[in-house]
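Each chain, written out:
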Amino acid sequence: MEDFRRTYLRLCKDGGVEPQESVVAQLQENRAAQGSRLDLSGQSLSADTCSVLAKVLQKDTIFTEVSLSDCMLSEEALRIIMTWMTENFHQQLNAKYCLQGNNLRSKGAEVLGRLLARNKTLRRLVLEWNALGVWEEAFSLFCEGLASNSVLTHLDLRNNQIHHHGASELGLALKHNNTLEALDLRWNNIGLLGGRSLLEALQKNQSIVQLEMAGNNIPSDTLRALEQTTGHNTDRQSTLRENRSRSQVLGKEIHKLKEEKGQQVSVTPQNETTPMSTSAQIGQLQEALNERKSAVNSLTAKLQMTEAALALSDQKNHNMGELLTRVKAEKEDLRERQSRERKKEQEDSALREGKLLREIHNLTETNVQLRSKVEEMERRCKSQQQQIFDLKQELTNSTAELKLRLAQTEERLEIEKRRSKQALEDMDSLRQKEVEHVTRHLEESERALQERIFKMEGQRIQLEEVRVSMFRRHMHTISNICIQEHVSTLEEKLRLVRSSLQEVQHHCSQQKQTISELQVKNSQQSIEMDSLRRRIEELQQGLSGKDQEKVAEVSRVRVELQEQIGHLHAERTAQGGLKEKISALEREIKVLSSSHREALLDKESEMTSMLEKLRLREAEIQRMREDEAQRASYLQSAILAYVQGSPLGHYSSPKK
């Protein structure tokens, strides 16, 4: 092992490949174990490492078992390893190779097929957790290699995604392979068709004694048939081994008897040439006769034992024949019972089918009626939907028109409001301005008049005083005449002032009358505004009443439509329920037909399996009879030949 490790390191250095520490450590462990098993499980092997390992194994083939499970082999690495296997692994005897969990695909299957076709020493091959069954062509090449192989005894194909096509190819390979004893096909996807293909192949294959088929979706009757077939193969192999051992024992005994006969024949001439007395010869002959008698007795005992065994086998054959006749009778009874049951089931199924057909006919008629009703209701619904659409369109048009009118009326009302408000504001402002102007003018005129009145009063008082003084002086002076004239002028002025005061008062009264008229106009305009507001409110109430009427009409139509739609939905659900009933009845018919078909297929498969069992039992009984007859004939011929060739026969011939 140290040389192997050194060779690996040297080849890695020569090829410029960095040696993997895990591989070196594993080689060190193998060196410490001093075994013939190379275990590199779980090591990530590159293509260069595999190339170096192949070169090392070409130079030093000391391993009889190589394990490369879960090594994550690439396509190139797998090709290198398989090429080395194909070319050099034939040098080891009873070899075992493990490629578990390497995701082998089409190329790996092809190379494995070539390996199985060329290799002559590989006994066990483990290919668990790969993907060989995904590609049909590659797996067919693998099966061809398995068919031409004559040394492989154990094959593990668990979890390889093998479907029914791959199982049929594998069955064709098993028909030609006569050395494979154990086959593990657990956890694939073989199915019913693949199970039947394997069952057909195993009826022709006589070497498979262990077959694992769990997790393949195969029916239980097919699995039982496969187990029975492998059990027959096991019984056949044990019978063959027993017959082979018996034949070897008989051959050894015959060879021993022949050797004893040769020794006795070689001793007899020496006794004839040597001069002996008659008594001595008679004694020797008596001893030889006694020996021959004992040998004949032993052979007779053996013959009796053989005849007893033959009688026992005949009894077994007779029992098997009775069992066969009983099985045939049971088979006939079973066939008749099955035929009666089949006829009864056919009659029941015919009655049931007729009843279902009548129900289907009635349901189809009701379905047609319901369809016509549904079509009529759909037409009504469409017409009502059209009416609803027209009403909605009319409602939207009227609503839009009313909204437009309302908007126009509101706009006009707003304009009138603005106008009246502006007019009122202008009139108020003008009235206020006029009133302010008039009040200012009146105040000014009153102030001026008051001032003038005060002045005039002052002048009048002065004049009165002057007048009084002048009147007092009237008598005294003549010049008072001028003063009187002046007083008259002043009185005239006073009169003019009073007339102007009256005019101002008259103007104030006119202004007050104008203000009262304006107030009357303002009240009239406010009354008109109130009437316009009441008119607008009446229009709004009319519009809201019309909207409510429209909404009530639309809600009524909507409720009617919802009721009609509910009726339509109820009829549609009833129709859907009828459709579901029809589909359920159709599915029930299909299930019943499929169950009848499966029952018929199961009965046929049971009958074929029973016929195959009977044929195998008859063949075994016939072969056992032939073997027993041949063994008895061999034993009888050997005994006769031994008796005829013994010295007793030579001495008895002169007496005759």
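Residues numbered from 1 in each chain as written. Predicted model: local features only at pLDDT ≥ 70, side-chain atom pairs only at ≥ 80, totals over all residues. Heavy atoms only, no water.

*Asks:* Which residues make up the overall build of the chain, and what values do they have?
*Replies:* A tally of regular secondary structure across the chain gives twelve helices and seven strands. For the chain, the proportion of its 656 residues judged to be buried stands at 30%. The long-range share in the chain, meaning contacts at least 24 apart out of those at least 6 apart in sequence, stands at 84%. Accessible area for the chain stands at about 42,000 Å²; split by element, carbon and sulfur atoms hold 53% of it. (Helix = DSSP H or I, 4+ residues; strand = E, 2+ residues; numbered from the N terminus. Buried < 20%, exposed > 50% of the residue type's maximum accessible area, 1.4 Å probe, protein only. Contact = heavy atoms within 4.5 Å. Areas by Shrake-Rupley, 256 points an atom, 1.4 Å probe, with all protein chains shown as cover.)

*Asks:* Can you tell me about the confidence of the model for the chain, naming the residues and giving the values?
*Replies:* For the chain, per-residue confidence averages 79 on the pLDDT scale, and residues scoring 70 or more make up 87% of the total. Looking at the elements of the chain, mean pLDDT is at its lowest for helix 12 (residues 647-655), recorded as 41, and at its highest for strand 6 (residues 182-184), recorded as 95. The model gives residues 269-276 a pLDDT under 50, and that stretch makes three contacts with residues more than four places away or in other chains. Low pLDDT, under 50, characterises residues 647-656; the stretch is placed with seven contacts to residues that sit more than four places away or in other chains. (pLDDT = per-residue confidence, 0-100.)

*Asks:* Tell me about the packing of helix 5 (residues 106-118) against helix 6 (residues 136-148), residues and numbers included.
*Replies:* Interaxial distance between helix 5 and helix 6 falls to 7 Å at its minimum, and their mutual angle equals 15 degrees. Considering the angle they form, helix 5 stands roughly parallel to helix 6. Regarding helix 5 and helix 6, the two cross each other, and that crossing is left-handed. Judged by residue contacts, S106, A109, E110, L112, G113, L116 and A117 of helix 5 engage A138, F139, L141, F142, G145, L146 and S148 from helix 6. Taken together, the residues of the contact of helix 5 with helix 6 sort by class into nine nonpolar, four polar and one charged. (Axes fitted to C-alpha atoms, helices over the stretch in contact; angles between N-to-C directions. Parallel < 35°, antiparallel > 145°, perpendicular 65-115°, else oblique. Left-handed = near helix turned anticlockwise from the far one by under 90°. Nonpolar A, V, L, I, M, F, W, Y, C, P; charged D, E, K, R; others polar.)

*Asks:* Outline the UniProt feature "coiled-coil region" (unreviewed entry) in the chain, supporting the account with residue identities and numerical values.
*Replies:* Here the UniProt feature "coiled-coil region" (unreviewed entry) sits at residues 515-549. Between the first and last C-alpha atoms of residues 515-549 the distance is 51 Å; the span itself is 100% helix and 0% strand. (UniProt positions renumbered as here; feature names shortened; annotations may be inferred.)

*Asks:* Could you give an account of the sheet that holds strand 7 (residues 210-212), with specific residues and numbers?
*Replies:* Pairing between the strands of a sheet comes from backbone hydrogen bonds, and it takes one of two forms, parallel or antiparallel. Strand order in the open sheet made by the seven strands is 1-2-3-4-5-6-7, with parallel pairing throughout. Looking at strand neighbours, the two that pair on one side only are strand 1 (37-39) and strand 7, the edges of this open sheet. Within the sheet, the average angular offset between the axes of one strand and its neighbour, ignoring direction, is 5 degrees. The pairing of strand 3 (residues 95-98) with strand 4 (residues 122-126) spans four bridges and is classified as parallel. Across the sheet, the residue bridging to K96 is R124, located in strand 4. (Pairing = 2+ DSSP bridges.)

*Asks:* Summarise the packing of helix 7 (residues 164-176) against helix 8 (residues 191-202); cite the residues concerned and give the values.
*Replies:* Close contact between helix 7 and helix 8 brings their axes to 8 Å; oriented N to C, the two are set at 5 degrees. Regarding the angle of helix 7 to helix 8, the classification is roughly parallel. Judged by residue contacts, H164, A167, S168, G171, L174 and K175 of helix 7 engage L193, G194, S197, L198, E200 and A201 from helix 8. For the contact of helix 7 with helix 8, a count of residues per class yields five nonpolar, five polar and two charged.

*Asks:* Talk me through the pairing of strand 4; I want residue IDs and the actual numbers.
*Replies:* What joins strand 3 to strand 4 is helix 5, and the crossover it makes is right-handed. In the classification by handedness, the crossover that spans strand 4, the intervening helix 6 and the parallel strand 5 (residues 154-156) is right-handed. (Right-handed = clockwise from strand over helix to strand, strands pointing away.)

*Asks:* Outline the state of the cysteines, supporting the account with residue identities and numerical values.
*Replies:* Following the criterion strictly, the structure yields zero disulfides and no others. Here C98 stays free of any disulfide, with the sulfur of C71 as its closest cysteine sulfur at 9.0 Å. (Disulfide = S-S within 2.5 Å.)

*Asks:* So, helix 6: which residues are in play, and what are the values?
*Replies:* Between the first and last C-alpha of helix 6 there are 19 Å, a value that for 13 residues agrees with the 18 Å anticipated at 1.5 Å per step. Every buried residue of helix 6 is accounted for by A138, F139, S140, F142, C143, G145, L146 and A147. (Expected span 1.5 Å × (residues − 1).)

*Asks:* Could you give an account of the pattern of salt bridges, with specific residues and numbers?
*Replies:* Tallying each qualifying case throughout the model produces 18 salt bridges. Between D184 and R158 there is a salt bridge; the shortest N-O distance is 3.3 Å. Pair noted here: D184 is in strand 6 and R158 is in the loop between strand 5 and helix 7, with a separation of 26 residues, a long-range link. On the basis of relative accessible area, D184 is assigned to the buried category, the value being 10%. The salt bridge partner of E376 is R380, with a shortest N-O separation of 3.1 Å. Of the two residues, E376 and R380 both sit in helix 10 (residues 278-474), four residues apart, roughly one turn of that helix. Note on E376: relative accessible area 34%, which makes it partly exposed. Connected via shared salt-bridge partners are E128, D156, R158, D184 and R186. (Salt bridge = Lys/Arg side-chain N within 4 Å of Asp/Glu carboxyl O.)

*Asks:* Tell me about the nonpolar core, and please be specific about residues and values.
*Replies:* Side chains of nonpolar character tend, in soluble globular proteins, to be buried together. Residues Y97, L112, L127, F142, L155, L157 and L183 are the most contacted members of the largest nonpolar core, which totals 65 residues. At seven residues, helix 4 (residues 75-88) tops the list of elements feeding residues into this core. Ignoring anything within four residues of it in the chain, the contact list for L127 reads L99, L104, L112, L132, F142, L155, D156, L157, R158 and N160. One finds L356, L363, L370 and L578 within the second-largest nonpolar core, a separate group that totals six residues. (Core = buried A, V, L, I, M, F, W, Y, C linked by side-chain atoms within 4.5 Å.)

*Asks:* Report on the environment of E586, specifying residues and quantitative values.
*Replies:* If you trace the backbone, E586 turns up in helix 11 (residues 480-644). With 226 residues separating them along the chain, E586 and I360 place their C-alpha atoms 8.7 Å apart.

*Asks:* Describe the side chain of N188, naming the residues involved and giving the relevant values.
*Replies:* The topology assignment puts N188 in the loop between strand 6 and helix 8. Taking the relative accessible area as the measure of exposure, N188 reaches 8% and is therefore buried. One polar contact links the side chain of N188 to the main-chain amide nitrogen of Q161, over a distance of 3.0 Å. Sequence-distant contacts of N188, that is, excluding residues within four places in its chain, are made with L157, R158, N159, N160, Q161, I162, G215 and N216. (Polar contact = N/O pair within 3.5 Å; in protein donor to acceptor, adjacent residues only side chain to side chain.)

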